[in-house]
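Read off the chains here:
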Amino acid sequence: MMKINKFSEKINSLSLYYKINVLVIGMIMLSGLVIGISMLQATSHLLEIQLDKRGIDIGNSIASLSSNDILLEDFFAISDRLNKTKNNNAEVRYILITDSSGRIVASTFGNSLPQGLVSVRLPVNEEPVVQDGNELWIKRFSSNEGAIREILFPIEEGNIGFVRIGLSEKIMQGLLAEKVKEILLTVLFVSLLAAI
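This is a predicted model, so every value here is computed, not measured. (Residues numbered from 1 in each chain as written. Predicted model: local features only at pLDDT ≥ 70, side-chain atom pairs only at ≥ 80, totals over all residues. Heavy atoms only, no water.)

Focus on the nonpolar core
What counts is decided by this rule: Buried residues of nine kinds, namely Ala, Val, Leu, Ile, Met, Phe, Trp, Tyr and Cys, make up a nonpolar core once their side-chain atoms join them within 4.5 Å. Only protein chains enter the accessibility calculation, which uses a 1.4 Å probe; a residue whose area is less than 20% of its type maximum is buried, one above 50% is exposed, and one in between is partly exposed. Secondary structure is summarised from DSSP: a helix means a run of H or I of at least four residues, a strand means a run of E of at least two, and numbering begins at the N terminus for each. Contacts: residue pairs with any heavy atoms within 4.5 Å of one another.
Core analysis: the largest hydrophobic core is formed by 21 residues, its most contacted members being Ile97 and Val163. Going through the elements one at a time, helix H2 (16-72), helix H3 (75-88), strand E1 (92-99), strand E2 (104-107), strand E5 (146-155) and strand E6 (161-168) are the ones with two or more residues in this core. Examining the composition of this core, we find that six residues originate from one element, H2, more than from any other. With residues near it in sequence (within four places) discarded, Val163 still touches Gly59, Ile62, Ala63, Ile95, Leu96, Ile97, Ile151, Leu152, Phe153 and Ile155.

Right, here's the structure in full:
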């Protein structure tokens, strides 16, 4: 109780000038943080949409180029295409192609798949997402490397198989971390400017 009274006395002893300054700086910091948080949420949502769109474009390309190779069982051409695609896209963590029953035909992992990824993720009783006239499934899961967005893209409407693309969110999270630093530094700079 005595501590509260002493604190109250100290606040009352400050001049009106300092009280107004503290109030103004506090409001600037609060409004800057609120605006920053809302901007980060919007940016995060936009980056997720762009990541999904990138995965859909890659899935569409691989599905259209690989359908004949799957029927002809040209696994070398399929593996070569998958590895080139993965190497040319930093956000792609893995690509798998399965036949219509879920058996893995080719992957960017070579002969050994990570544990847990082998589990069949074929759409069973799940409603697909329709984007650009294509039915596909998008899932998000955690791995030892961070969050992964997996896009399941059908090849010939699933009659031949599916392309599974795992997209890492690390690059996206790195961009968001940079934006958080920028926003905090801007709020701090404006607050210091207001204090001066």
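Now that the structure is up, let's keep going.
Points about the packing of aromatic side chains
The geometry of an aromatic ring pair comes down to the distance between the two centres and the angle between the two planes. For clarity, the cut-off: In this scheme Phe, Tyr and Trp rings, the latter by its six-membered ring, pair at centre separations within 6.5 Å, and the angle between planes marks the pair as stacked below 30 degrees, edge-to-face above 60, and tilted otherwise.
Here the structure, examined in full by the defined rule, presents one aromatic pair. With 6.4 Å between their ring centres and 70 degrees between their planes, Trp137 and Phe162 make a pair best called edge-to-face. Of this pair, Trp137 sits in strand E4 (residues 134-143) while Phe162 is found in strand E6, placing the two residues 25 residues apart along the sequence.

Regarding the pairing of E1
For clarity, the threshold we go by: By definition, two strands form a pair when at least two bridges between them are found by DSSP.
Most of E1 sits out of view: seven of its eight residues are buried. As paired strands, E1 and E6 are joined by seven bridges and run antiparallel to one another. The residue bridging Ile95 from the neighbouring strand is Ile165, located in E6. Note: E1 against E2, three bridges, orientation antiparallel. Within the sheet, the bridge partner assigned to Leu96 lies in E2 and is Ser107.

Some points on the environment of Ala90
With respect to the element layout, Ala90 can be found in the loop between H3 and E1. Taking C-alpha positions, Ala90 is 8.9 Å from Leu167, a pair spaced 77 residues apart along the chain.

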